[in-house]
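# Secondary and tertiary structure notes
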Amino acid sequence: MNRIIAIIPARSGSKGLKDKNIKELNKKPMIAYTIEAAKKSGIFKDIIVSTDSREYAEIAIKYGADAPFLRSKELSNDAASSIDVIIDVLSEMKKLGKEYNYFMLLQPTSPLRTSQNIKEAYELLVEKEANAVVSVCETEHSPLLANTLDENLSLDNFLDEAKNMRRQDLTFFYRVNGAIYISKVRYFLKFKDFYKEKSFAYIMDKRESIDIDNYIDFKLAEVLLKEKKAF
């Protein structure tokens, strides 16, 4: 049986939206939505929150995750990458005698991601015999309708490629939405990347793809969660 670990990165001290990972979102800390979705999916051997804060760790434990160690100062600044955090968690868990075939990175800033999304991404990984699966959603606007501007603000040839195309005829583009990253542990430790070989996209609905980075994102998530609860 595959051993899968959920890694939820939740450092304190965010600047754009203060303490956003534990900010109350419809009367519940934001991180709780990710922990609960991970638990409900039923696919994980362990659900680990990587944080530098005892307060965050206590909240994570309250909602059903584990936080067996605190993240170092070196991995708690703005320069620390998700890659560093993943490697750190896998290393620390190995010290505790726990090793895994797969890991899934679940950022707490995607509170509308569901347990069904998590299960479907894992099923896609198995079906494709993939090394990695990353969630994406359709872009809000085609990049063919965008361009750079010079200091003069000239629009000459601004939409050169798409100017004669109807909006509905434009090619579909997708973006990484930050909600789900799943990978074989050996593959990731070798390449430190999700996109090298046999990597596939799991397509999510835009509503489930809200990634909270600022106040506007937060208020949108608030509205969508209330609407979801109503139904």
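Cut-offs used in this document
- Residues numbered from 1 in each chain as written.
- Predicted model: local features only at pLDDT ≥ 70, side-chain atom pairs only at ≥ 80, totals over all residues.
- Heavy atoms only, no water.
- Phe/Tyr/Trp six-rings, centres within 6.5 Å; stacked < 30°, edge-to-face > 60°.
- Helix = DSSP H or I, 4+ residues; strand = E, 2+ residues; numbered from the N terminus.
- Lys NZ or Arg CZ within 6 Å of the ring centre and 35° of its normal.
- Core = buried A, V, L, I, M, F, W, Y, C linked by side-chain atoms within 4.5 Å.
- Buried < 20%, exposed > 50% of the residue type's maximum accessible area, 1.4 Å probe, protein only.
- Contact = heavy atoms within 4.5 Å.
- Pairing = 2+ DSSP bridges.
- Arc of directions from axis to C-beta.
- Polar contact = N/O pair within 3.5 Å; in protein donor to acceptor, adjacent residues only side chain to side chain.
- Patch = residues over 30% accessible without salt bridge, like charges linked within 9 Å, V, L, I, M, F, W, Y side chains within 5 Å.
- Areas by Shrake-Rupley, 256 points an atom, 1.4 Å probe, with all protein chains shown as cover.
- Salt bridge = Lys/Arg side-chain N within 4 Å of Asp/Glu carboxyl O.
- Axes fitted to C-alpha atoms, helices over the stretch in contact; angles between N-to-C directions.

### Thoughts on the packing of aromatic side chains
Counted under the stated rule, the structure contains seven aromatic pairs. Plain terms: the ring middles of Phe 103 and Phe 188 are 5.0 Å apart, the flat faces sit at 80° to each other, and that makes the pair edge-to-face. Here Phe 103 is found in strand 3 (residues 102–105), whereas its partner Phe 188 is found in helix 5 (residues 185–191), with 85 residues between them in sequence. Three or more aromatic residues joined by ring pairs make a cluster, and in this case those are Phe 103, Tyr 181, Phe 188, Phe 194 and Tyr 195. Its guanidinium or amino end placed over the ring of Phe 218, Lys 23 lies 5.1 Å from that ring's centre, counting from NZ or CZ. One cation-aromatic arrangement involves Lys 28 over Tyr 33; the distance from NZ or CZ to the ring centre is 4.5 Å.

### Quick look at the nonpolar core
Membership of the largest hydrophobic core comes to 34 residues, with the highest contact counts inside it found for Phe 44, Leu 106 and Ile 180. Listed by contribution, the elements that provide at least two residues to this core are strand 1 (4–9), helix 1 (30–41), strand 2 (46–50), helix 2 (54–62), strand 3, helix 4 (115–128) and strand 5 (174–184). Sequence-distant contacts of Phe 44, that is, excluding residues within four places in its chain, are made with Ile 4, Ile 5, Ala 6, Ala 38, Met 104, Leu 106 and Ile 118. By size, the runner-up hydrophobic cluster in this structure holds 19 residues, among which are Ile 7, Met 93, Leu 105 and Phe 188.

### What about the pairing of strand 5?
Sheet analysis places strand 3 next to strand 5, joined by four bridges and oriented antiparallel. Note that in strand 5 the partner of Phe 103 across the bridge is Ser 183. With six bridges joining them, strand 4 (residues 132–138) and strand 5 adopt antiparallel strand pairing. Paired with Cys 137 across the strands is Arg 175, a residue of strand 5.

### As for helix 2
Where helix 2 is concerned, the buried positions are Tyr 56, Ala 57, Ile 59 and Ala 60. End-on view of helix 2: buried residues confined to an arc of 165°, all on one side of the axis. For helix 2, exposure combined with an orientation more than 90 degrees from the buried face picks out Arg 54, Glu 58 and Lys 62. The secondary structure elements touched by the buried residues of helix 2 are helix 1 and strand 2. The distance from a side-chain oxygen at the start of helix 2 to the backbone nitrogen of Glu 55 is 3.2 Å, and the residue carrying that oxygen is Ser 53. Looking at the residues trailing helix 2, positive phi occurs at Gly 64, about 110°.

### Re a nonpolar patch on the surface
Taken together, the side chains of Leu 149, Leu 153 and Leu 155 define a hydrophobic patch exposed on the protein surface, amounting to about 330 Å² of accessible area. Among the secondary structure elements, Leu 153 is positioned in the loop between strand 4 and strand 5.

### Regarding the sheet that holds strand 5
Strands in a sheet are paired, the pairing made by backbone hydrogen bonds, and the direction either parallel or antiparallel. Sheet architecture is open: six strands sit in the order 2-1-3-5-4-6, paired in mixed fashion. The open sheet terminates on both sides in strands that have one partner only, identified here as strand 2 and strand 6 (199–203). Mean inter-strand twist for the sheet, computed between neighbouring axes without regard to direction, equals 25°. In terms of strand pairing, strand 1 meets strand 2 through five bridges, oriented parallel. Considered in strand 2, the bridge of Pro 9 is made with Ser 50.

Read these as geometric descriptors, not functional statements.
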